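A look at the structure
Here are the chains, one letter per residue:
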Amino acid sequence: MKTKSFLVILMLVLVAGVNAQNNIWYTTVLKENFLDKSGNPVTGKGVVVGDVDSGIDVFHPFFFFADGGEFNWVDVDKDGKFTPGLDAVDLNGDGIANINEVLRYIEMNNNTYNVLNTDKSRFNPDMDFLYNDKNGNKKRDFGEKDGFTEGDPCYGEQFFIVVDANKNGILDVGEKLIGLKTSKVRAVREKNGTVRRRGTDIIKTEPDTVQHGTSVAGIVLGGHYGVQRVHGFAPDAEIVMANIDYFYTPRFVRNFPDLVKFLRDEKVNVLLFEDGEWMNEFMDGSTEEEMLTNEIARSGITVIGGGGNLASGNMLVRKTLKKSQSETFKFSSPASGEGKRNDGSFVSFLWKGKDKKAVFTVLTPDNKLSPEIKEGSGILKVGNYNINYAREVSGKGTIMMRFAFSEKDSGTIKGDWQVKVNASDDMDLFGFIVDVTQSWGGTTRWHSDFISDEGSVTFPSTADSCLAIGAYTVNYAWGPQDGIGKLCYYSGRGYNVTGKVGIEICAPGHSTFTCGPNNSYTLFSGTSSAAPHVVGTVALLLQINPALTHSEVRNILRHTATSDEFTGTVPNTNWGAGKLNPEGAIKYVLGM
């Protein structure tokens, strides 16, 4: 196969970024075609992305390079159109449809609630994938369960894509098929620490049960330029995944340093954090992983993270207290949420100044008042409840008073609670809340006059060097306050505890298109969607100039960001420097 000529063909038939017929914005498709300084299409080739995430579906056709050869197909019944199960791929070049060369196709599942239109009555070259039904059993076999090995193309019966040169949406006689072969996944660190590597045992990789990392990877590098309507920014980049294992109680992710060190040692060019934590975190950049993030950024690796979806969830209260002033903060807990029995809720209060003190008391749902809590750590039994508390100080002088609430006999914590804070000194107080559901939107939530969205950017994007990304709405608005082009109501914003502006830049976050597990397309929303838009853009910049440092990338993104009637004057604490401008950033690096 002539790889370079194939890429040039694909660039020539590249689908437009905006579909005028149904006003859909494919946010990861560039509006212009670009060549790097060597004349190669700008597709992220040579760039390795590291992602701290839930995992990846290594069998999804989006995650194989188009390096499996160029083939003709045989129109067996001579009817001038593709007939699945009858027509064949000419694997051996003899012009004959052999019994082991039968072609069928995967009808990709459409999980976009029909926002993305698909025709399920036929093979669509810009949506579906051909495969060689080698054993004739009318389904695609793959993986070790079906007898395939690491050495087999696509880890199963081989996938093919179509160079639809005339863009008529039909597989015409004479059009070429391109075989998919090599995985874009270079390595995966599984939840238990096992490392799977391409060429050795990627085929054994654990599934993406949370179905998050697969969609993130699709935005960054899924699919193939000029073929699928939906594909990632940098489809010729590679990815290394560090899979997250969530615990039942905070800190929900406890091995961040191990995950970050793994990606550093894999020599990734861009590091992406796809998790947001706010409970039992100092949120001031002082933790081991945040310091490690700074070190990685100083080494030149660009570090990016979603700013979190905590805003508008009633998960944060803010109050400036004067010396000797007191305030009471109320919250309520349901008996269950998101399919879990709610047997634990958690609160942490933060303020700056290691010598500043406060006294706390807790009123439980059975109307029992705790003793005063101001120092140390311990467990109190108050009425029918246990209150676990601890006062801690970060290396940057941030105070945290954290609480865990549970029922003595392992029942639920359903009911109304109150936490009273009496300030011994002037302080700017942040109060975060969550329960065992780990929900962004909150099942246990504050009921207070002091609920705020300001300061809602989450860890580890609170690291000094992490580029925290906010989200804005495209394609489909939801909620009374939402609108196309507006900041997503849930997007983290404001100043961090340290006074640092939390958000660096914003990118499309709701509702974008990407891939999902089990051969699907899906809508994907949140700052989890916005951040990989930036990562994909950075991968393109690094193909053009691999020497770009973290600081240089940051400056380019900020310099080329756009503003409009929604952003207002930038920079500001909602939008950072404004909206991501991939084409502008590429032109800047190319010197155009």
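As shown above, the structure is provided for reference.
Residues numbered from 1 in each chain as written. Predicted model: local features only at pLDDT ≥ 70, side-chain atom pairs only at ≥ 80, totals over all residues. Heavy atoms only, no water.

It is worth spelling out the overall build of the protein at this point. From N to C terminus, the protein includes seven helices and 32 strands. Dimensions of the protein along its principal axes, counting C-alpha atoms only, are 90 × 55 × 45 Å. Relative to its full complement of 592 residues, the protein shows a buried share of 60%. Pairs at least 24 apart in sequence give 71% of the contacts found in the protein among residues at least 6 apart. On the protein, roughly 22,400 Å² of surface is accessible, and the fraction owed to carbon and sulfur atoms is 48%. (Helix = DSSP H or I, 4+ residues; strand = E, 2+ residues; numbered from the N terminus. Buried < 20%, exposed > 50% of the residue type's maximum accessible area, 1.4 Å probe, protein only. Contact = heavy atoms within 4.5 Å. Areas by Shrake-Rupley, 256 points an atom, 1.4 Å probe, with all protein chains shown as cover.)

In this structure, serine 529 sits in helix 5 (residues 527-544). Residue classification places serine 529 among the buried residues on the basis of a relative accessible area of 0%. Setting aside its immediate chain neighbours within four residues, serine 529 contacts Ile219, Pro508, Gly509, Thr512 and Phe524.

Let us now look at the layout of surface pockets. Computed from the structure, the largest pocket encloses a volume of approximately 1,000 Å³. When residues of the lining of the largest pocket are traced back to their parent elements, those giving at least two are strand 32 (520-524) and helix 5. Considered class by class, the residues forming the lining of the largest pocket number 15 nonpolar, 20 polar and six charged. For the second largest pocket, the calculated volume is near 310 Å³. Along its surface, the second largest pocket is lined by 18 residues, and Asp57, Phe59, Phe142, Pro517 and Asn518 are the ones closest to its centre. The residue inventory of the lining of the second largest pocket, partitioned by class, reads eight nonpolar, six polar and four charged. (1 Å grid on protein atoms, 1.4 Å probe; cavity = no way out; pocket = protein on both sides within 12 Å on 5 of 7 lines; lining within 4 Å. Points joined across faces, edges and corners; volume = space filled by probe spheres on them. Nonpolar A, V, L, I, M, F, W, Y, C, P; charged D, E, K, R; others polar.)

Of all nine residues making up helix 2 (residues 213-221), nine are buried, and the element is well covered by its neighbours. Looking at the packing, one finds that the buried side of helix 2 touches strand 3 (48-53), strand 14 (238-243), strand 15 (270-273), strand 31 (512-516), strand 32 and helix 5. Immediately downstream of helix 2, the backbone of glycine 223 shows phi near 75 degrees, a positive value.

So, on to the environment of serine 525. Among the structural elements, serine 525 can be located in the loop between strand 32 and helix 5. With a relative accessible area of 28%, serine 525 lands in the partly exposed category. It is 42 Å that separates the C-alpha atoms of serine 525 and glycine 383, two residues lying 142 residues apart in sequence. Contacts of serine 525, omitting those with residues within four sequence positions, involve Tyr490, Gly509, His510 and Ser511. In terms of polar contacts, serine 525 uses its side chain to reach the side chain of histidine 510, at 2.6 Å. (Polar contact = N/O pair within 3.5 Å; in protein donor to acceptor, adjacent residues only side chain to side chain.)

The subject of this paragraph is the state of the cysteines. Under the counting rule described, the total for this entry stands at zero disulfides. Not engaged in a disulfide, the cysteine cysteine 154 finds its nearest cysteine sulfur in cysteine 515; these two sulfurs lie 15 Å apart. Accessibility expressed as a relative area gives 0% for cysteine 154, which makes it buried. Free of any disulfide, cysteine 466 has its nearest cysteine sulfur in cysteine 506, 14 Å distant. (Disulfide = S-S within 2.5 Å.)

Now for the pairing of strand 24 (residues 385-393). In this sheet, strand 24 lies alongside strand 23 (residues 377-382) in antiparallel orientation, the contact comprising six bridges. When the sheet's bridge partners are listed, valine 382 is paired in strand 24 with tyrosine 385. Where strand 24 hands over to strand 25 (residues 398-407), the hairpin turn is made up of four residues, of which glycine 397 adopts a positive phi near 85 degrees. (Pairing = 2+ DSSP bridges.)

With that settled, consider unusual backbone geometry. A negative phi angle is the norm for most residues apart from glycine, just as the trans form is the norm for most peptide bonds. With an omega dihedral of 5 degrees, the bond running from phenylalanine 459 to proline 460 counts as a cis peptide bond. Here proline 460 is to be found in the loop between strand 28 (445-447) and strand 29 (467-473). The step from valine 570 to proline 571 runs through a cis peptide bond, and the omega angle for that step is 5 degrees. Relative to the helices and strands, proline 571 resides in the loop between helix 6 (550-560) and helix 7 (582-590).

In this section: the sheet that holds strand 26 (residues 415-423). With antiparallel pairing, four strands are arranged side by side in an open sheet as 22-26-18-28. In this open sheet, the two edge strands, each paired with only one partner strand, are strand 22 (358-363) and strand 28. Sheet twist, expressed as the mean angle between neighbouring strand axes with direction ignored, is 30 degrees. With three bridges joining them, strand 18 (residues 326-333) and strand 28 adopt antiparallel strand pairing. When the bridges of strand 28 are listed, serine 332 appears paired with arginine 445. (Axes fitted to C-alpha atoms, helices over the stretch in contact; angles between N-to-C directions.)

Overall, the coordinates contain one cavity of 30 Å³ or more when judged by the stated rule. A volume near 40 Å³ is recorded for the largest cavity. When the residues that make up the lining of the largest cavity are grouped by side-chain class, the tally is four nonpolar, three polar and no charged.

Turning our attention to the packing of aromatic side chains. In this structure the tally under the stated criterion is 32 aromatic pairs. Consider the rings of phenylalanine 329 and phenylalanine 450, whose centres lie 5.9 Å apart with planes at 65 degrees: the pair is edge-to-face. Taken as a pair, phenylalanine 329 in strand 18 and phenylalanine 450 in the loop between strand 28 and strand 29 lie far apart in primary sequence, 121 residues in all. By relative accessible area, phenylalanine 329 is classed as buried at 0%. Centroid distance phenylalanine 331 to tryptophan 446: 5.7 Å. Interplanar angle 85 degrees. Geometry classified as edge-to-face. Of the two residues, phenylalanine 331 sits in strand 18 while tryptophan 446 sits in strand 28, which places them 115 residues apart along the sequence. Judged by its relative accessible area of 0%, tryptophan 446 falls in the buried class. Put simply, the rings of Phe329, Phe331, Phe349, Trp351, Phe360, Tyr385, Phe403, Phe405, Trp417, Trp446 and Phe450 touch in pairs and so form one group of aromatic residues. (Phe/Tyr/Trp six-rings, centres within 6.5 Å; stacked < 30°, edge-to-face > 60°.)

For helix 4 (residues 288-298), every residue scored as buried is listed here: Glu289, Glu290, Leu292, Thr293, Asn294, Ile296 and Ala297. Packing partners of the buried residues in helix 4 comprise helix 3 (256-265), strand 15, strand 16 (302-306) and helix 6. Glycine 300 sits one or two residues past helix 4 and shows a positive phi near 115 degrees.

Attention now moves to the pairing of strand 26. As paired strands, strand 18 and strand 26 are joined by eight bridges and run antiparallel to one another. Within strand 26, the position partnered with glutamate 327 by the bridge is valine 421. With six bridges connecting them, strand 22 and strand 26 associate as antiparallel partners. Its bridge partner lying in strand 26, threonine 361 is registered against lysine 420.

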